[in-house]
Amino acid sequence: MTATTASPTEGRTVPAGERSAFRKALSRWDARVSPYLYVSPFFVLFAIVGLFPLLYTAYVSVHEWDLIGGKGEFVGLENFTTVLQQEYFWRALRNTLSIFLLSSVPQVVFALLIAAALDTGLRARTFWRMGVLLPYVIAPVAVALIFNDLFGDRYGLLNEVLGWAGLGPFRWHVDVLPSHLAIATMVNFRWTGYNALIFLAAMQAIPRDYYEAALIDGAGRIRTFLSITVPLLRNTILFVVITSTIGGLQIFDEPRMFDQYGLGGADRQWQTLTIYLWNVGWGQHNFGRAAAVAWLLFLVIVLIGLLNFAVTRRIASTGGKR
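Note that this is a predicted model, so its numbers are computed, not measured.

Criteria and cut-off values
- Residues numbered from 1 in each chain as written.
- Predicted model: local features only at pLDDT ≥ 70, side-chain atom pairs only at ≥ 80, totals over all residues.
- Heavy atoms only, no water.
- Helix = DSSP H or I, 4+ residues; strand = E, 2+ residues; numbered from the N terminus.
- Rg over C-alpha atoms; globule rule 2.2 N^0.38 Å.
- Buried < 20%, exposed > 50% of the residue type's maximum accessible area, 1.4 Å probe, protein only.
- Contact = heavy atoms within 4.5 Å.
- Areas by Shrake-Rupley, 256 points an atom, 1.4 Å probe, with all protein chains shown as cover.
- Lys, Arg positive; Asp, Glu negative; His and termini not counted.
- Charge placed at Lys NZ, Arg CZ, Asp CG, Glu CD.
- Core = buried A, V, L, I, M, F, W, Y, C linked by side-chain atoms within 4.5 Å.
- Arc of directions from axis to C-beta.
- Pairing = 2+ DSSP bridges.
- Salt bridge = Lys/Arg side-chain N within 4 Å of Asp/Glu carboxyl O.
- Phe/Tyr/Trp six-rings, centres within 6.5 Å; stacked < 30°, edge-to-face > 60°.
- pLDDT = per-residue confidence, 0-100.
- Patch = residues over 30% accessible without salt bridge, like charges linked within 9 Å, V, L, I, M, F, W, Y side chains within 5 Å.

1. Here we look at the overall build of the protein
Line of reasoning, step 1. From N to C terminus, the protein includes 13 helices and four strands.
Line of reasoning, step 2. By the compact-globule yardstick of 20 Å for 322 residues, the protein is too spread out, its C-alpha radius of gyration being 28 Å.
Line of reasoning, step 3. Buried residues in the protein amount to 37% of all 322 residues.
Line of reasoning, step 4. In the protein, once contacts between residues fewer than 6 apart in sequence are set aside, the share between residues at least 24 apart is 66%.
Line of reasoning, step 5. Carbon and sulfur atoms form 66% of the exposed surface of the protein, whose accessible area is close to 19,700 Å².
Line of reasoning, step 6. Side-chain charges of the protein comprise 26 positive and 20 negative groups, with the mean position of each set lying 12 Å from the other.

This is the structure we're talking about:
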């Protein structure tokens, strides 16, 4: 005789076998769907604060869009072609790439070296680890103001020191390359320690047996660093390079605060793409053209990010085969 159970909600009897099959199906459904539900908050948040603004910016970029008048008529790619014909856009792109190279490359190298030093048997390690992070917590405006005085053209401390060494004063706020070096120095000051702690966390996860075996084989510190540490940090290096690329190409605070006008120099000699975007959007009140600049900046970040990913992966893979 088939056993039955009473359903508390419907007041009818349900065969035990059918109830058992339903529970198994529910368990299988739960095992398949639950992982997606667990990660769904990230995708929902990304869709709201990431994907939607990106798509909406693309929508704005193909319309005439004024700050006061709002949405205008559909213009297609006219905003993009107009931006690409502007001399200041290409000058801003040049400045952005120059400052990015002068900041990101030394930043990653010095961060690796600092992390390697902190990973040794250094006394007061906690103090030094906290010390390298202090520049990161300082407000960008404060950093820009301090370095703006250090790189003063007439009475800056750095020019005074260079004068003692017999080197002529540099026009940090006039010439292109000196201004890029000054801004890159500010960026490196803020972010090198932060990236060093990321590398340090990855270094401490490397098994110490590898280093002990290398020392037994007679390898020195430089050899173990190049042949063991760097290859095993490949994923971390890729992460730091990608994040540095995104942040470096979107630099705004440091060049904006490098002079009192915030336009990127009298001749736009250190104006970056983000400052150019801000001027087009809030200075000229042309949101359609500003949205086109934002999308062009996005494409530049994607292309350079992919290039950095390929180059860094190739270098790390080559280092691991030595």
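2. Some words on the side chain of Gln-271
Line of reasoning, step 1. Topologically, Gln-271 is positioned in the loop between helix 11 (253-256) and helix 12 (273-283).
Line of reasoning, step 2. Leave out the neighbours within four places in its chain, and Gln-271 touches Tyr-88, Arg-91, Ala-92, Asn-95, Leu-263, Gly-264, Tyr-276 and Asn-279.

3. Considerations on the nonpolar core
Soluble, globular proteins show a tendency: their nonpolar side chains are buried together.
Line of reasoning, step 1. Grouped together as the largest cluster of nonpolar side chains are 20 residues, with contacts concentrated most on Leu-112, Ala-115, Phe-199, Met-203, Phe-225, Leu-233 and Ile-237.
Line of reasoning, step 2. The set of elements that each furnish at least two residues to this core consists of helix 3 (87-118), helix 7 (176-204), helix 8 (208-216), helix 9 (221-232) and helix 10 (234-249).
Line of reasoning, step 3. Apart from the residues lying within four places of it in its own chain, the contact partners of Ile-237 are Leu-112, Phe-199, Val-230 and Thr-312.
Line of reasoning, step 4. With 19 residues, the next largest nonpolar core counts Tyr-276, Ala-290, Leu-296 and Ile-301 among its residues.

4. As for the environment of Ala-144
Line of reasoning, step 1. Inspection of the secondary structure puts Ala-144 in helix 5 (residues 140-150).
Line of reasoning, step 2. Residues Ala-144 and Ala-182, 38 residues apart in the sequence, show an inter-C-alpha distance of 10.0 Å.
Line of reasoning, step 3. Leave out the neighbours within four places in its chain, and Ala-144 touches Met-186 and Met-257.

5. Topic: helix 5
Along an α-helix, residues three or four apart share an orientation, since each turn contains 3.6 residues.
Line of reasoning, step 1. Here helix 5 has its buried residues at Val-143, Ala-144, Phe-147 and Asn-148. Projected down its long axis, helix 5 shows its buried positions confined to an angular sector of 130°, all on one face.
Line of reasoning, step 2. If you follow the buried residues of helix 5, they end up packed against helix 7.

6. Section: the pairing of strand 4 (residues 70-74)
Line of reasoning, step 1. Where strand 3 (residues 63-66) meets strand 4, three bridges bridge the pair, whose relative direction is antiparallel. Residue Trp-65 lies in a different strand from strand 4, and its bridge partner there is Lys-71.
Line of reasoning, step 2. Hairpin connection from strand 3 to strand 4: three residues lie between these consecutive antiparallel strands.

7. Overview of helix 12
Line of reasoning, step 1. Burial in helix 12 covers these residues: Leu-273, Thr-274, Ile-275, Tyr-276, Asn-279, Val-280 and Gly-281.
Line of reasoning, step 2. Following helix 12 by one or two positions, His-285 adopts a phi angle in the positive range, close to 60°.

8. Looking at the pattern of salt bridges
Line of reasoning, step 1. Evaluated as defined, the whole model comprises five salt bridges.
Line of reasoning, step 2. Several salt bridges converge on common partners, so that one network encompasses Glu-87, Arg-91 and Asp-267.

9. Let's talk about the packing of aromatic side chains
Line of reasoning, step 1. For the structure on display, the rule yields 19 aromatic pairs.
Line of reasoning, step 2. Centroid distance Tyr-56 to Trp-65: 6.1 Å. Interplanar angle 75°. Geometry classified as edge-to-face.
Line of reasoning, step 3. Relative accessible area serves as the criterion here: at 38%, Tyr-56 is assigned to the partly exposed category.
Line of reasoning, step 4. Judged by centre distance (5.2 Å) and plane angle (70°), the ring pair of Phe-127 and Trp-128 falls under edge-to-face.
Line of reasoning, step 5. Overall, Phe-127 belongs to the exposed group, its relative accessible area being 55%.

10. Considering the confidence of the model for the protein
Line of reasoning, step 1. For the protein, per-residue confidence averages 83 on the pLDDT scale, and residues scoring 70 or more make up 91% of the total.
Line of reasoning, step 2. Summarising per-element confidence for the protein, the mean pLDDT is lowest in strand 1 (residues 4-6) (48) and highest in helix 2 (residues 78-84) (92).

11. Things to note about unusual backbone geometry
Line of reasoning, step 1. Of note in this structure, Arg-268 is not a glycine but carries a positive phi near 55°.
Line of reasoning, step 2. Along the chain, Arg-268 turns up in the loop between helix 11 and helix 12.
Line of reasoning, step 3. Here His-285, not a glycine, exhibits a phi torsion of approximately 60°, which is positive.
Line of reasoning, step 4. Mapped onto the secondary structure, His-285 falls in the loop between helix 12 and helix 13 (287-320).
Line of reasoning, step 5. Accessibility expressed as a relative area gives 28% for His-285, which makes it partly exposed.

12. Brief notes about a nonpolar patch on the surface
Line of reasoning, step 1. Together, Tyr-36, Leu-37, Tyr-38, Val-39, Phe-42, Phe-43, Phe-46, Leu-51 and Leu-55 make up an exposed nonpolar region whose accessible area comes to about 1,000 Å².
Line of reasoning, step 2. Summarising the element assignment, Leu-37 is placed in helix 1 (residues 16-61).

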